[in-house]
Amino acid sequence: MTQFPDLTSFSGDAVLTILGMAAVTYGMRLGGLLMADRLPQHGRWAHVLERLPGAVLISVWVPSALSAGAIGIAGAAATVITMALARNLFAAMAVGMVLVGVGRYFIGN
């Protein structure tokens, strides 16, 4: 029988790591709030900053879809087509996930 580790106590390193991660996370949020007034509201840089979250998502999404093979590529294509036609993010994600799920169930991965 497998013995489970004791999860009721923490080492000092674990506590310091968690506190450090919390400080960095909230520091980034606070920095964003403090810098928001200084960001450009009009012009080219404002346009770039508006598009940045989408670019970050695409940079994560495309390699993941490509590494999943033909099923992942088909799911990504279905997501893009659904978004272009329906203009509904939830519907587009649902179509892509269902297509990949059904494809993996019937075809395998």
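Going along each chain's sequence as written, the residues are numbered from 1 onward. Local features in this predicted model are restricted to residues whose pLDDT is 70 or higher, and side-chain atom pairs enter the listing and the counts only when it is 80 or higher, whereas totals over whole chains, interfaces and linings include all residues. Values reported for side chains reflect all heavy atoms of the structure, with hydrogen atoms and water molecules removed beforehand.

**Looking at the UniProt feature "transmembrane region" (unreviewed entry) in the protein chain**
Operational definition: UniProt positions are given in the numbering used here, feature names are shortened, and annotations may be inferred rather than shown by experiment. Secondary structure elements are defined from DSSP: runs of H or I of at least 4 residues count as helices, runs of E of at least 2 residues count as strands, and each element is numbered from the N terminus.
Mapped onto the present numbering, the UniProt feature "transmembrane region" (unreviewed entry) falls on residues 14–36, 56–83 and 89–107. Between the end C-alpha atoms of residues 56–83 the distance is 18 Å, and the span holds 93% helix and 0% strand.

**Examining the environment of Val80**
To be explicit about the condition: Burial here depends on accessible area, computed with a 1.4 Å probe over protein chains only, as a share of the maximum for the residue type. Under 20% is buried, over 50% is exposed, and the range in between is partly exposed.
Here Val80 lies in helix 3 (residues 70–86). Assessed through its relative accessible area of 48%, Val80 is described here as partly exposed. The spatial distance from the C-alpha of Val80 to the C-alpha of Ala92 is 7.0 Å, given a sequence separation of 12 residues.

**Points about the packing of helix 3 against helix 4 (residues 89–106)**
Where we set the bar: An axis is simply a line fitted to the C-alpha atoms; with a helix, the fit covers only the stretch in contact. Between two such axes, the angle follows the N-to-C directions and lies from 0 to 180 degrees. Note on angle classes: values under 35 degrees are labelled roughly parallel, values over 145 roughly antiparallel, values of 65 to 115 roughly perpendicular, and the remainder oblique. Crossing handedness is read from the near helix: turned anticlockwise from the far helix by less than a right angle, it gives a left-handed crossing, and turned clockwise, a right-handed one. For this analysis, residues touch if any pair of their heavy atoms sits within 4.5 Å.
Running from amino to carboxyl end, helix 3 crosses helix 4 at an angle of 155°, the nearest separation of the two axes being 8 Å. As far as their axial angle goes, helix 4 and helix 3 are roughly antiparallel. The two elements helix 3 and helix 4 meet at a crossing, and its hand is right-handed. Residue-level inspection shows Ile71, Gly72, Ala74, Gly75, Ala78, Thr79, Thr82 and Met83 of helix 3 in contact with helix 4, the latter providing Leu89, Ala91, Ala92, Met93, Val95, Gly96, Leu99, Val100, Gly103 and Arg104.

**Observations concerning the packing of helix 2 (residues 44–67) against helix 3**
Inclusion rule: Polar here means any residue other than Ala, Val, Leu, Ile, Met, Phe, Trp, Tyr, Cys and Pro, which are nonpolar, and Asp, Glu, Lys and Arg, which are charged; Gly is therefore polar.
The contact between helix 2 and helix 3 brings their axes to 6 Å, and the two run at 135°. Taken together, the axes of helix 2 and helix 3 are oblique relative to one another. Two secondary-structure elements touch here, helix 2 through Trp61, Ala65 and Leu66 and helix 3 through Gly72, Ile73, Ala76, Thr79 and Val80. Among the residues forming the contact of helix 2 with helix 3, the class breakdown is six nonpolar, two polar and no charged.

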